[in-house]
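This is what each chain is made of:
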Amino acid sequence: MTKDRRTEQPTEPAGPVTPGPATPAEPEVAASAYRIVARRLLPIMCVCYFFSYLDRTSVSVAALTMNDALRISATAFGLGAGLFFLGYFIFEVPSNLIMFRVGARVWMARIMVTWGLVAVLQAFVWNEMSFYAIRILLGAAEAGFFPGMILYLTFWFPARQRARVVGLFFCAVPLSTALGAPLGGLLLKVNGLGLEGWQWLFILEGIPTVLLGVFLFSYLTDRPDKAEWLPRPEKEWLTATLRAEATEIEAHHPQSELASLKDPRVLGLAAVYFTLVFGLYGLSFWLPTIIKSSLGIEDNLTVTLLTAAPYAVGAIAIIAAGIMVDRLNQPARITAFFLAAGGLALTVTAFATNPWVGYAGLFICAVAVISTFAGFWRLPTAFLTGAAAAAGIAAVNSLGNIAGFVGPYWVGWLTDRTGHPKWGLVSIGALMILGTVLALRMSSVMRTGTQVKTGEGTAAVTQ
């Protein structure tokens, strides 16, 4: 008997799509494929993203001394920090489409080498205008890295596993701050060869990125069918599973690049992502400065340790969030929950009279906003695959990352105008709460998906 599609609520594949009925050995082969691929790819991907995000947020640590050295105001620093995303926005979609065609091995290596070189050049800015120019160039060099990695994960992991995989991959973000902030605090104390600490910070974080890019060229494999390191049963199962999953999506959703860019769901997800990124960067770029001023701490190393604390917890939280999303199969609602928790915590504690209560609010918000990513990035691949996924994922990331420009600049502008970061934090919290509403709205909009045939029957995805 045919089910009435109006009663179904799928939005994305709930698990691996298989071309036929399950065989007794299939669960073992599937588990083996996951273990081998995860051990091969996730560590190097996490290390690469660690340096990607470290490169973005090291500027917030450098600002503790760089701004005074170059006489950069809060508004100018916020503008420069955010201009990174202008170059990122312009080149994001083209970069991801190129990666889809030439392969991750070549293109990810190119991205890392060029952005590492530009990152080193940040050490030699001399005024506001040179700071603006190098930040735009850095964004252009790095454009396509994150959506390229998200797309690359879809080449290797079936939908059922993607939230936990994204959680493991994205834990590099909080770890880069948890480890990088104290390291940056130590580097600020280094002076030598005519360079100040903030300059050495940029140099010593850019060089490893170049070396990683060279390593990627020889290490990455573009697709499972080319993986000589993958045993034949696992290779055949994974290739068939991902091919059947893509076929199922293609049968029910437009799959051209242009169609994906015009899809209302892509634009809706971009709007949700804007609020998420606004919270992530609006907070992270300013967190060391806010902690230093509000708590009255003079020692920069202590400031960076306090900055690192919520991100250390966030690294654990996002892994747990990914597991929860895959088990409960509610990515949009879980995303909305974390957005609401972070937004409310930040809005309420911005008015706290005790500075340590305010720090607690910053702590909760940082952990919550990091945790949203595991569920969010399962959503686009619910209805996109192939070249459409390359364009759609890049479009969501590109449009959403406009907030990476707006957020830091907005907080800096409000801080200069009011003399206090409080209202900037309130605006971040309010926008995250709006993101909660949008995410719940997307939950209902995306309920017109497809059933997914798995080896264990038919599964529907709820939001």
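Residues numbered from 1 in each chain as written. Predicted model: local features only at pLDDT ≥ 70, side-chain atom pairs only at ≥ 80, totals over all residues. Heavy atoms only, no water.

A. Layout of helix H4 (residues 128-142). Between its first and last C-alpha atoms H4 spans 21 Å; for 15 residues at 1.5 Å apiece the expected length is 21 Å, and the two agree. For H4, the full list of buried residues reads Ser130, Phe131, Tyr132, Ile134, Arg135, Leu138, Gly139, Ala141 and Glu142. Of the residues flanking the start of H4, the one acting as N-cap is Asn127, its side-chain oxygen 3.3 Å from the backbone nitrogen of Met129. Trailing H4 by a residue or two, Gly144 shows a phi angle of about 95°, which is positive. (Helix = DSSP H or I, 4+ residues; strand = E, 2+ residues; numbered from the N terminus. Expected span 1.5 Å × (residues − 1). Buried < 20%, exposed > 50% of the residue type's maximum accessible area, 1.4 Å probe, protein only. Polar contact = N/O pair within 3.5 Å; in protein donor to acceptor, adjacent residues only side chain to side chain.)

B. Quick peek at the side chain of Thr372. By the element assignment, Thr372 lies in helix H15 (residues 355-376). Classification of Thr372 by relative accessible area gives buried; the value is 0%. Those residues in contact with Thr372, other than ones at most four positions away along the chain, are Leu276, Thr335, Phe338 and Leu339. (Contact = heavy atoms within 4.5 Å.)

C. A look at the pattern of salt bridges. Inspection of every chain in the model, using the stated rule, returns three salt bridges. Note that Arg164 and Asp326 form a salt bridge whose closest N and O atoms lie 3.0 Å from each other. Linking Arg164 in helix H6 (residues 162-170) with Asp326 in helix H13 (residues 300-328), this pair joins segments that are 162 residues apart in sequence. Measuring nitrogen to oxygen at the nearest pair gives 2.8 Å for the salt bridge that ties Glu236 to Arg232. On the criterion of helical spacing, the pair formed by Glu236 and Arg232 is a turn pair, its members being four residues apart in helix H9 (residues 232-250). A relative accessible area of 63% places Arg232 in the exposed class. In this structure, a network of salt bridges that share partners links the residues Arg164, Asp326 and Arg378. (Salt bridge = Lys/Arg side-chain N within 4 Å of Asp/Glu carboxyl O.)

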